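# Observations on the three-dimensional arrangement
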Amino acid sequence: MKAVIITRWLFIKRSMLSFFFWLLLPLVGALLLFAFVDVVEDDSYVPIGVIVEEETELANDLYQEMETSDFVAIRETEHDEAIRQLQQHELDSVFVIHQGYQEGIQTQQRTNLITSYQTNRSYAYTAVKEMIVSHIQEQGGRYQAVQVINQLSERYRGESLWSAEDVIQTSKQIQAEEQLIHASFQYASQAEKKDDEGSRWEIWHIWALLAILSSLLTMDWLIKEKQSFVTQRFYFTKLSWHDYLLLNGFLYFVIWLVIDLVTYVIFSVGFDETMGVVTLLSYRCMLTLLSFCVALVWKRLYVFYAVSFLMACMCGLLLPVRDMHVINWLHPMAAFLDNQITIGWLLCSAGVILFWYGRRRRENAAS
Amino acid sequence: MLQVEHLTKHFGQTNIIDQLSFSIEPGEIVGLVGENGAGKSTLLQLLATISKPTSGSIALHGLSYQNDLKKVRKQIGFVPQDIAVWDTFTVEENMIFFEKLAWNHRSKEELHNLCQDMNLFQWKQRVSTLSGGMKRKLNLAISLIHQPNLLLLDEPTVGIDLKSRIEIGQYLRRRAKEEQTMILYTSHDLDEIQRLCDRVLLIGNDPFYRDSVKFF
Ligand SMILES: Nc1ncnc2c1ncn2[C@@H]1O[C@H](COP(=O)(O)OP(=O)(O)OP(=O)(O)O)[C@@H](O)[C@H]1O
Ligand SMILES: [Mg+2]
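Residues numbered from 1 in each chain as written. Chains lettered and ligands numbered in written order. Predicted model: local features only at pLDDT ≥ 70, side-chain atom pairs only at ≥ 80, totals over all residues. Heavy atoms only, no water.

### Quick notes on the coordination of the magnesium ion (ligand 2)
Residues and elements named next belong to chain B. The protein atoms that coordinate the magnesium ion (ligand 2) are Ser41 (OG) and Gln81 (OE1), at distances spanning 1.9 to 2.6 Å. Of this pair, Ser41 sits in helix H1 (residues 40–47) while Gln81 sits in the loop between strand E6 (76–79) and helix H3 (91–100); the two residues are 40 residues apart in sequence, bridging distant segments of the chain. Overall, the relative accessible area of 32% leaves Gln81 in the partly exposed class. (Donors = N, O, S within 2.8 Å, 3.2 Å for Na, K, Ca; no water. Helix = DSSP H or I, 4+ residues; strand = E, 2+ residues; numbered from the N terminus. Buried < 20%, exposed > 50% of the residue type's maximum accessible area, 1.4 Å probe, protein only.)

Okay, structure coming up:
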């Protein structure tokens, strides 16, 4: 093994830059892409201007309701400023909560509580308006209930048993417990995304995909070396050609494992993204064997590169539909992303290599 | 001593080598001549254990090619017709690469001397920037790292100038006499064969070679 390390080093030191580039691509690429995706997601919130003219509990309630919405970013501003930003399309739309909002709700005078502004490019206006209307109806409904209950109790007992606060509190409580209708606004493509769970694995998704590409491309030494006339010399060395290749493949596996360990630590410490160690190990094992197989099969370097990119692209493109039964079964990344041990692809690749090794061994001994 | 008996090699229906028998004594340089396609490379590959004869037997110092393959291989130095070195490495790195994979250990100094003996002084230079003659010398030097008893050279001097040819020739003569190495050497240059070799082995049926070789 020492001979393999020293001889490999002679190759690697000639191409340090590309060697480390491909080695670190999954880690660095996943970190960069992840940061980029975060930025894009921030940008994808629609900015909405809100002007709150009164400091009351109900106005505040509405403001907070708008703020908790998943797809809008609420900016509290001044009236003139908001209109200016709206005209320049810096704001999608503007809503003014007028002075007298709380009183209007409480007294069932639901006109002119809110003024809204939109442009022809307003995208979220209707959705936000719907949300506000439903919120006002909800709030107004509670005060209506207070009125009705009070009227009833006055009629039948002559005294009020329920204070307005009691009624509203109870109503809120019932609503919270029942959650009969839960409306949330989402982009269509994000419809499947549930809270944080869905995005938890995303950095490993990106990593796993880049790992396929870089594992394949770092195996290009095999293609380059098997094309050389030098292979003839391996009849007269202490390592036969197939042993030399296999041990080098193993060396790459070990190097990859070290990088994977670093990746594991960074992702779990920095991002709190846990992943099973055995899952990771089996995935790396599979990747090394698979890349080795692919490099054994192809003769020309450019064909090998083309096949590698194609494979990585296919894996990436099939990722969104991997829930389909057949694809989930065939996809090399599927087991890994479900935090399970990769077995199928690993055994297949190992089988091919074993077959190749056995045949080479027989040929070498018989010549 | 190398002993070849009734060696035959077919490729499909074509008979390239037919019932060939000869032997080489230690310290002897034998020239192998024949027209293109006569089967010189084929014979060398058989002797180098790279391919298997259809029939016949070969033995090196009493070791049979069939039964003691591993031991036989340790004693063979094969210089391929193609230049089999790593192009991106320097001369030094090439020597170190094959020393690491060789059965016996050679110090860096020994490797360096080996190249110097052959008048190859570009120790730190990259192979891709070497001339054809220098590459040929390196091609030979690598095959000598594990100190073989039997040296098989397939046109080692193709495309190199007279000075380098003479240098390589002188080196081989010295080596044969000093280390009792058996050398089988192919070339299309009959003058070179005449200058270098103790004996000539003719294969193929080309009358031109038959007549030329008669004069030795
Ligand atoms: N693997 C093979 N399969 C079929 N035929 C082969 C194979 N290798 C060599 N031959 C044939 O055997 C014959 C001898 O080839 P060889 O390379 O030994 O000739 P050579 O004497 O070395 O010629 P040259 O002087 O051109 O180097 C040729 O006709 C060649 O086509
Ligand atoms: Mg030839």
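The rest of the description comes next.
### A few points about the confidence of the model for chain A
Residues and elements named next belong to chain A. Here chain A averages 83 in pLDDT, and 88% of its residues register 70 or above. When pLDDT is averaged over each element of chain A, helix H1 (residues 2–12) comes out on top at 95 and helix H7 (residues 164–178) at the bottom at 70. Taken together, the stretch residues 179–200 has pLDDT below 50 and engages in 17 contacts with residues farther than four places along the chain or on a different chain. (pLDDT = per-residue confidence, 0-100. Contact = heavy atoms within 4.5 Å.)

### Description of the packing of aromatic side chains
Scanning all chains against the criterion turns up 30 aromatic pairs over all chains. With a centroid separation of 6.2 Å and an interplanar angle of 70°, the aromatic rings of Phe19 of chain A and Tyr252 of chain A are classed as edge-to-face. Here Phe19 of chain A is found in helix H2 (residues 16–43), whereas its partner Tyr252 of chain A is found in helix H10 (residues 241–270), with 233 residues between them in sequence. Per residue, the accessibility class of Phe19 of chain A equals that of Tyr252 of chain A, and both read buried. Over the ring of Trp221 of chain A we find Arg8 of chain A, and its NZ or CZ is 4.6 Å from the ring centre. The positively charged end of Arg233 of chain A is found above the aromatic ring belonging to Phe98 of chain B, 5.7 Å away from the centroid. (Phe/Tyr/Trp six-rings, centres within 6.5 Å; stacked < 30°, edge-to-face > 60°. Lys NZ or Arg CZ within 6 Å of the ring centre and 35° of its normal.)

### A short note on the pairing of strand E2 (residues 72–76) of chain A
All names here are of chain A. Looking at chain direction, strand E1 (residues 46–52) and E2 are connected through five bridges and run parallel. Its bridge partner lying in E2, Val46 is registered against Val72. In this view, the connection linking E1 to its parallel neighbour E2 by way of helix H3 (residues 57–67) has right-handed handedness. (Pairing = 2+ DSSP bridges. Right-handed = clockwise from strand over helix to strand, strands pointing away.)

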